[in-house]
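One letter stands for each residue in the lines below.
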Amino acid sequence: LIRHIGVSTVTPEATAAIVSSGKAEAIQVPASILDHRFTGGGICAQAAERRMAVFARSIYLQGLVLMNEEDIPADLLDVIPPLRRLRLVAAEAGMTLAELAVRFILGLDEVTCILVGVESVAQVKQNVELFDKGALDAELTAAVRAAVPSLAEHILCPYRWAKRMPD
């Protein structure tokens, strides 16, 4: 009855264990312009080498990437400097931060598919338009990586946030 097995993970350690075990054909991991723990750390590249599908989720980090600074909760304020740098990179490239976020993930060779949550038909259409633009070039990809330091897990892991993001 089961044709394929995949695993959705939340930590790099669990993901590495699943990839090493070879017992899944796909992994689903959080990945965004702020969170490079899985894609930058080699775990997803190892999965791709093993011919595992890699699904990237949470590319907007539960909305944090696109949130106005004044709406960012107090326990997540450390994200503001990298977000400012990313907004500058996006503006200099003539695009929105949403476009930069999508196109950055599209350019990751080890990512098979991107999963994006939506709340309206308009959001579906907007995402399709962004996906159609394709991956960032190498220079912009490098600028994104340079703009974002390694952020603390309390920022990158929504299950550790003090409160849920506003709707």
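Here, the structure is the one placed above.
All of these numbers come straight from a predicted model, not from anything done at the bench. (Residues numbered from 1 in each chain as written. Predicted model: local features only at pLDDT ≥ 70, side-chain atom pairs only at ≥ 80, totals over all residues. Heavy atoms only, no water.)

Trainee: Tell me about the sheet that holds strand S3 (residues 53-57), and please be specific about residues and values.
Mentor: On the basis of which strands lie adjacent, the open sheet formed by four strands has the order S1-S2-S3-S4 and parallel pairing. The strands lining the two open edges of the sheet, one partner per strand, are strand S1 (6-8) and strand S4 (113-114). Inspection of the sheet shows S3 paired to S4 by two bridges, in the parallel sense. If you follow Phe 55 over to S4, its bridge partner there is Cys 113. (Pairing = 2+ DSSP bridges. Helix = DSSP H or I, 4+ residues; strand = E, 2+ residues; numbered from the N terminus.)

Trainee: Now, about the pattern of salt bridges: what can you tell me, with residues and values included?
Mentor: In the structure shown here, the tally under the stated rule is six salt bridges. Across the pair Glu 69 and Arg 84 runs a salt bridge whose closest N-O atoms are separated by 2.7 Å. Of this pair, Glu 69 sits in the loop between S3 and helix H3 (80-92) while Arg 84 sits in helix H3, placing them 15 residues apart in sequence. Of the residues examined, Glu 69 reaches a relative accessible area of 24% and is grouped as partly exposed. One continuous salt-bridge network, built from bridges that share partners, spans Glu 69, Arg 84 and Arg 87. (Salt bridge = Lys/Arg side-chain N within 4 Å of Asp/Glu carboxyl O. Buried < 20%, exposed > 50% of the residue type's maximum accessible area, 1.4 Å probe, protein only.)

Remember that the coordinates give geometry; whether it matters functionally is a separate question.
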